[in-house]
Amino acid sequence: PSMLCCHEYRIKPVWFCKYKLRLRVTSNQKVKPKVEKQEVEIRQRMTVAALADAMNKDFDHVVEALLNTSVDVDSLDPGSVLEERWIKEVVTRSGMKFRWAKLSESKERPNRDAFRRPPADPSNLVPRPPVVTIMGHVDHGKTTLLDSLRKSQIVATEAGGITQHIGAFLVQLPTGEKITFLDTPGHAAFSAMRARGANATDIIILVVAADDGIMNQTVESIQHARRAKVPMIVAVNKCDKPQADPDTVKQALLAHDVVCEEFGGDIQAIHISALKGDNLLALTEATVALAEVLELKAEPSGPVEGLIIESRTDKGKGPVTTAIVQRGTLKRGCVLVAGKSWAKVRFLFDENGRTVMEAGPSSAVQVVGWKELPSAGEVLLEVESEQRAREVVDWRSYQEEQQKLEEEQSVIELKQKLHLEEYKKEREGLAHLSWRRRKSVLYQANKTKFSMRPSERTQRDHPNLPVIIKGDVDGSVEAILNVVDSYDAQQQCELEVVHFGIGDVSENDVNMADTFAGSIYGFNVGASSSVQQLASKRGVPLRLHTVIYKLIDELKEELSSKLPPLISENVIGEATVLAMFEVTVGKKKVPVAGCRVQKGQLDRRLKFRMIRGRDIIWEGSLVTLKHHKDDVNTVRTGMDCGLSIDGDIDVRTGDVIVCFEKLDSPQVTSWDPGF
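Residues numbered from 1 in each chain as written. Predicted model: local features only at pLDDT ≥ 70, side-chain atom pairs only at ≥ 80, totals over all residues. Heavy atoms only, no water.

Go over the overall build of the protein chain, please, and point to the residues and values.
In terms of regular secondary structure, the protein chain is built from 16 helices and 31 strands. The proportion of buried residues among the 675 residues of the protein chain is 39%. Within the protein chain, counting contacts between residues at least 6 apart in sequence, those at least 24 apart form 70% of the total. (Helix = DSSP H or I, 4+ residues; strand = E, 2+ residues; numbered from the N terminus. Buried < 20%, exposed > 50% of the residue type's maximum accessible area, 1.4 Å probe, protein only. Contact = heavy atoms within 4.5 Å.)

As structure tokens, this is what we get:
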């Protein structure tokens, strides 16, 4: 038993010691922590700068990682494109691991635009007033007619109150019918409305002056009405004048397929005097009669649809639009969308500036509450909420951006292709050389154009601009030279790079620029105060920039300043020679042309030209210009005068004397560097 106890006693310490030893050994072993390598996202054709940015390192780190490889590190710059194996090599040598970047799949955005509703159920339609646009030639009385129609309403409603003109107004006849009149939109705006498929008008009143007849804009108005398929009423204006001849006007309209009722057609012709207010009631009744034939109806319920006729910014109200409601009823609080702007309607005003609570179909109202000012001619649509309005505006802005990108992309691709072809052709024999050596060879090849004496270079008839380019690094200079290589307006002004280099602007650069009468352009470089003083003293333009776009912009401005101004002629007046007679001055007889000024005025101090038929017979200055017996400097329209011209020229009755002046306007270079 004692042996057993002893045995037990002996075993336990041994086992315990072993256990302790084993614990001691395991506790002294160092556990290596798992190293998490930085992941670098790589892709094909990465530049050195892009790789350094992805690794969160600088340019020098990438260059050091490529030491002792077959890559020519001296030729590397931040814009150099690396092969795939060298991209991987740099990442691996830097103790990082790479993963390929996922190709981003561009998801198509859902169409969030707002559209017009489908045609309404005929049972929901109610009659509406006609919307009438007054069109015609300048000075034929459109504005006077509109004013007369307005005044008739002011007298009837406000007893002479002041009306606020808003581009559209309502006329109510004694019988109760209503007509909405629109101020004449410009033909461009009218065309824009038609192009959007939203004709604002139901009837066009064509105003023609009885004493003037068919003119250019009259014909344009007829064409607009025909293209828009809008019925027409002819208002023969100025019938109160003694020389008025309405029948001749109606006959002249036949040539443009406008057949009035007197000649068996279906177009009403009303003889009016807008100035005196004669027959305006007959004109409005004819409009109502035509509207009844057209059976104009609209749906007064549901979301609003309309058209913006006019837009402006008011100091007190902010952006304000005049709109014609075409469908639905416009109320305060509605959320509207037009083009790329939206509004929550705060106020509605009628043509008299009075607040209205709602506006039904064919009503013209001022809408206040726009976030931005929409364009005239835009379609007006009501949406459910402000959030929906923002969605619509964002979608339309996105669509416009995409359309612009598509248009620009084709132009960019074509330019890039042509530039690449020219670049390859020029450098195909120099591809094995380094950049610095290649430029040196190109310089030697074009040495003949630098061999001319400075006097020959500066005394040329053709405008030219010699430039010296200095940059901080090779890549900067090459980038600028590549942009300058794209210069394609040599026929306007010759652009020559007489020297390029790296480093700050030196006195030698200033001396060379002075010799060649050129300019110095520096990119990311400096110029000491002594160099700046020397440049100022020599009159050498020194242009230092840190942004390449601004440098090129200033180069374009300087090229434009070298171009001669564009000379244009402005005709001041015209006169017709009525008779020729001679005046004795001392012992000499001087031929004098008796003239009458038909247009503008004659100014003795300006240049004159004599035209016979289609030929220019003479050009020069006047010796004398008299009105009756007085010497004068100017003679105005309708006045008679006598004039004698400088030179021995045979002046005949019927010749036209034109007075003109020459105007200079600056010319801009046609070079487009692409940004």
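From this point, the discussion proceeds with the structure in view.
For the nonpolar core, give the residues involved together with the corresponding values.
Grouped together as the largest cluster of nonpolar side chains are 25 residues, with contacts concentrated most on Ile 134, Leu 145, Phe 181, Ile 205, Ile 233 and Leu 283. Within the residue set of this core, elements represented by two or more residues are β4 (131-136), α5 (142-157), β5 (168-172), β6 (178-182), β7 (203-209), β8 (232-237) and α9 (280-294). No other element matches the 6 residues that α9 contributes to this core. In this structure Leu 145 touches Ile 134, Val 207, Ile 272, Ala 274, Leu 280 and Leu 283, once residues within four positions along its chain are discounted. (Core = buried A, V, L, I, M, F, W, Y, C linked by side-chain atoms within 4.5 Å.)

An account of the packing of aromatic side chains is requested, with residue identities and associated values reported.
Throughout the structure, instances matching the rule amount to 3 aromatic pairs. Look at Tyr 487 and Trp 671: their rings are 5.2 Å apart centre to centre, the planes differ by 80°, and that puts the pair in the edge-to-face class. Here Tyr 487, found in the loop between α13 (474-485) and β20 (494-502), pairs with Trp 671, found in the segment after β31 (656-665); they are 184 residues apart in sequence, far enough to count as distant. Given a relative accessible area of 7%, Tyr 487 falls into the buried group. When the ring centre of Phe 349 is taken as reference, the NZ or CZ atom of Lys 317 above it lies at 4.2 Å. Arg 609 extends its terminal NZ or CZ atom over the ring of Phe 660, reaching a point 4.1 Å from the ring centre. (Phe/Tyr/Trp six-rings, centres within 6.5 Å; stacked < 30°, edge-to-face > 60°. Lys NZ or Arg CZ within 6 Å of the ring centre and 35° of its normal.)

An account of the sheet that holds strand β19 (residues 464-471) is needed here, citing residue identities and associated values.
With respect to topology, 4 strands assemble into an open sheet ordered β20-β19-β21-β22, the strand pairing being parallel. Of all strands in the sheet, those with a lone pairing partner are β20 and β22 (542-545), marking the two edges. Neighbour-to-neighbour, the strand axes of the sheet open up by a mean angle of 20°, direction not taken into account. Summarising the sheet, strand β21 (residues 519-523) and β22 pair through 4 bridges and their orientation is parallel. Paired with Ile 520 across the two strands is Leu 542, which belongs to β22. Against the sheet, helix α14 (residues 507-516) makes contact with β19, β20 and β21, and its axis sits at roughly 170° relative to β19, the strand it touches most. (Pairing = 2+ DSSP bridges. Axes fitted to C-alpha atoms, helices over the stretch in contact; angles between N-to-C directions.)

Bear in mind that shape data such as this cannot, by itself, settle questions of function.
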